[in-house]
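# Fold and contact review
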Amino acid sequence: MSAIVLAVTGIVAVALGYRFYSKFMAEKIYKLDPNFETPSHTMRDDVDFIPTNRVVLWGHHFTAVAGAAPIIGPAIAVIWGWLPAFLWVIFGTIFFAGVHDFGAIWASVRNKGTSVGALTGQVVGPRARTLFMIVIFLLLLMVNAVFAVAISNALVDTPSAVIPVWSAIAVAVVIGVLIYRVGVPILWPTVVGTIILYAVIYLGEIVPVELPATFLGLAPGPQWILILFVYAMIASLLPVWLLLQPRDYINGIQLFIGLGLLFGAVFIANPTIVAPMLNANVPAGTPPIFPLLFVTVACGAISGFHGLVSSGTTSKQLDKETDARFVGYLGSAGEGLLALVVIIAVSAGFASLTEWEATYSSFGSTGIGTFVAGGANIISSGTGLSVEFASTLLAVMAVLFAGTTMDAGVRLQRYIVQEWGTIYNIPTLQNGYVATLLAVTACVALAFGAGGADGQGGMLIWPLFGTTNQLLAGLTLLVVSVMLVKLRRQYVFTLVPMVFVTSMSFLAALYQLWDLIASGQYMLAGLDLVIVVASIFVLLESAAAFTRERRAADASAAAAPAS
Amino acid sequence: MAWTDVRQTLRRVTYLASEFYNAPYRGVVARAKRDEDDLFMLLVFSEMMGIPNPATYYTLELQPILLERFHAWHTRMGMEHSPLDDFRCC
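Let us look at the structure shown here. The model shown is predicted, which means the values in this text are computed figures rather than measured ones.

### With respect to the overall build of chain A
- When you go through chain A residue by residue, the secondary structure sums to 23 helices and 0 strands.
- Since a compact globule built from 563 residues should have a radius of gyration of about 24 Å, the 23 Å found for chain A is in line with a globular shape.
- Reported as C-alpha extents along the three principal axes, the dimensions of chain A are approximately 75 × 55 × 50 Å.
- Considering chain A as a whole, with its 563 residues, one finds that 59% of them fall into the buried category.
- Taking the contacts inside chain A whose residues are at least 6 apart along the sequence as the reference set, 85% of them involve residues at least 24 apart.

Pasting the structure below:
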């Protein structure tokens, strides 16, 4: 089958979803009001709360949510064939992710721009809030470990990406200094920085960097993991304007260029899909598609992380309430399209089925590397760039996404540790350096401890990471649904996705528990047990909140006769 | 396309880019700046609180300038009233 058919089907489906379904949600369910004064006006302080152009806000929302996760997830999930991954990404984006992001922004805007975490406490109850905090902590712990392993794999697979990846950090710092300290208008640093970034990719090709085969008894992969965590530790202590902000900006630009290049190449080269539609003979050790597909592809179909972005920054800057549809729904649609192009790259970027089967020889062995290999072939035949250049380009893009997430993740975890220091009155923990060291140690332990000295723990916990992410999405959808019940509106459109993702998370966590114990991974099994318990509580809490609020809403309706 | 159109477009692109750059981090940067300002405030008023400051000769000149922000500063630092005996604020 031609890849263009897949691309067009996906794009058209998502466009129809935006045109009709999001319109329906906006008008009938969330009932957006163009005259409603958003927090960016009522609480305007020109710092956190400031009315922002909706295109800018969409760009920020989209680039904040689309990172390495929608690349890794689909690249692993295509092992069951391209159709299940494709359907889940497209249906997920239309009926789950869009509604979730859109809903989270709406809920936050209607509650003075409060974050979803705090909203859970206000709308559902204090127990749900505690649950929310536990899930977030687990998610951060896993995010850092998972991305460290993903980056180290990519750097080992693509030695030509090493120099460009580290140069990007230097480029970011220079841009940061130029903008904040020197006060240069943004356009020139952007143009020159982007040109340098792509020029360095050529340099990387000429001078590939490989770490020694063993150093202190460690293979190159674990060596990179250690280097990355040392870097993340330093980076998370630097001022935000110096590194994180310009890095995020560069990544945003790269995301647009990369997506344009990939989709453009697919339309020019029109590659044939070699992967099976449904893989009948999956490699031994592959878990069952049901329920694992729904947690393997989290970002790209629905991801709880978006709720944090939606309610953390987006809702505080929303100019008009009606912009929520454009920003939230289209923001997640953008991520869905990234996942779509990844599916095309890993299923049409190989020469033959045999080659594809050789790549997909075991579950979890694919990821950024597979996307890079497949995508590079497509870009090369579509644009005439060399395969080596194209693969370095894609590897750099994916690694930079993952790297920025790590920077932010370690920083957030440091805040959590510092907060514990304040809550439990332990001054040592309040120290930034001690807190960062503790946060990083926990992540290194997870990255190494789970998979032995080869440091492959991160990929083993990928489905666990997805499970936690989906639980978070479930909690956010619960908040939105309960709000709808309180307003006596139709809540089935958020409740069904909520019940679905939470039950899939529960089933997936249960399956993994059995699997991890059987394979002797007791540390991960312990972690998984926490997730199983958390998902049971999420379901119970939801049922309780629903019954309570429905009764309250019915009672108040009965008390106040229709006017 | 006239030259003014090009300039117009360029200005629009610069605006969008700088918004795209700044919007997500406005709050974080403002807070970081405030932390630095708070430390500076402490340095300027340190002598009055019994912390010897070799640069008093110079910081004294700054005090009237910083006075406007003094109230916000001491309340943010958790002190309901001015911490300085001979320097009432509220």
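### Overview of the interface of chain A and chain B
- On the chain B side, the residues contacting the 26 residues of chain A number 21 residues.
- When the buried area of chain A at its contact with chain B is split by residue, Val56, Leu187 and Gln245 of chain A rank highest and sum to 25% of it.
- Where chain A meets chain B, there are 1 salt bridge.
- Two residues, Asp48 of chain A and Arg31 of chain B, come together in a salt bridge whose shortest N-O distance is 3.1 Å.

### Some remarks on the nonpolar core
All names here are of chain A.
- Residues Tyr30, Met142, Phe147, Phe229, Ile344 and Phe371 are the most contacted members of the largest nonpolar core, which totals 190 residues.
- If you tally residues by element for this core, the top one is helix H7 (residues 126-157), at 20 residues.
- Excluding its chain neighbours within four sequence positions, the residues that come into contact with Met142 are Leu446, Ile461, Leu464, Phe465, Thr468, Leu527 and Ile531.

### Concerning unusual backbone geometry
Residue and element names in this part refer to chain A.
- Going from Phe290 to Pro291, the amide bond is cis rather than trans, its omega being 10 degrees.
- For Pro291, the location among the structural elements is in helix H12 (residues 289-296).
- Its identity is not glycine, yet Arg488 carries a phi of approximately 55 degrees, on the positive side.
- Here Arg488 shows up in the loop between helix H21 (462-486) and helix H22 (492-518).

### So, the environment of Ser542 of chain A
- In this structure, Ser542 of chain A sits in helix H23 (residues 522-559).
- Expressed as a C-alpha distance, the spacing of Ser542 of chain A and Val124 of chain A, which sit 418 residues apart in the sequence, is 8.1 Å.

### Considerations on the pattern of salt bridges
- Enumeration over the complete set of coordinates arrives at 12 salt bridges over all chains.
- A salt bridge links Arg548 of chain A to Glu549 of chain A, with the nearest nitrogen and oxygen atoms 3.6 Å apart.
- Owing to a relative accessible area of 11%, Glu549 of chain A belongs among the buried residues under this scheme.
- Among the salt bridges present, the one from Arg76 of chain B reaches Asp38 of chain B, with a minimum N-O distance of 2.6 Å. In this pair, Arg76 of chain B sits in helix H3 (residues 56-76) while Asp38 of chain B sits in helix H2 (residues 26-44), placing the two residues 38 residues apart along the sequence.
- By relative accessible area, which is 11% here, Asp38 of chain B ends up buried.

### Points about the packing of helix H6 (residues 116-124) of chain A against H7 of chain A
All names here are of chain A.
- Where H6 meets H7, the closest approach of the two axes is 6 Å, and the angle between their N-to-C directions is 155 degrees. With respect to H7, the element H6 is oriented roughly antiparallel. The two elements H6 and H7 cross, and the hand of that crossing is right-handed. Contact residues: Val116, Gly117, Ala118, Thr120, Gly121 and Val124 in H6; Pro126, Ala128, Arg129, Phe132 and Met133 in H7.

### Notes on the packing of H7 of chain A against H23 of chain A
All names here are of chain A.
- Relative orientation of the contacting elements H7 and H23 amounts to 150 degrees, with a least axis distance of 10 Å. In terms of crossing hand, the pair formed by H7 and H23 is left-handed. On the side of H7, the interface is formed by Arg127, Ala128, Leu131, Val135, Leu138 and Met142, while H23 contributes Leu527, Val530, Ile531, Ala534, Phe537, Val538 and Glu541.

### Quick notes on the environment of Tyr433 of chain A
- Its place among the elements puts Tyr433 of chain A in helix H19 (residues 432-449).
- Expressed as a C-alpha distance, the spacing of Tyr433 of chain A and Val485 of chain A, which sit 52 residues apart in the sequence, is 45 Å.

### With respect to helix H11 (residues 244-269) of chain A
- Over its 26 residues, H11 of chain A runs 36 Å from end to end, which matches the ideal 38 Å to within 8%, given 1.5 Å per residue.
- Just past H11 of chain A, the residue Asn270 of chain A takes up positive phi, approximately 45 degrees.

### What about the side chain of Glu541 of chain A?
- Checked against the element boundaries, Glu541 of chain A lands in helix H23.
- Using a relative accessible area of 8% as the deciding quantity, one classes Glu541 of chain A as buried.

What counts as what
- Residues numbered from 1 in each chain as written.
- Chains lettered and ligands numbered in written order.
- Predicted model: local features only at pLDDT ≥ 70, side-chain atom pairs only at ≥ 80, totals over all residues.
- Heavy atoms only, no water.
- Helix = DSSP H or I, 4+ residues; strand = E, 2+ residues; numbered from the N terminus.
- Rg over C-alpha atoms; globule rule 2.2 N^0.38 Å.
- Buried < 20%, exposed > 50% of the residue type's maximum accessible area, 1.4 Å probe, protein only.
- Contact = heavy atoms within 4.5 Å.
- Buried area = accessible area lost by both parts, 1.4 Å probe.
- Salt bridge = Lys/Arg side-chain N within 4 Å of Asp/Glu carboxyl O.
- Core = buried A, V, L, I, M, F, W, Y, C linked by side-chain atoms within 4.5 Å.
- Axes fitted to C-alpha atoms, helices over the stretch in contact; angles between N-to-C directions.
- Parallel < 35°, antiparallel > 145°, perpendicular 65-115°, else oblique.
- Left-handed = near helix turned anticlockwise from the far one by under 90°.
- Expected span 1.5 Å × (residues − 1).

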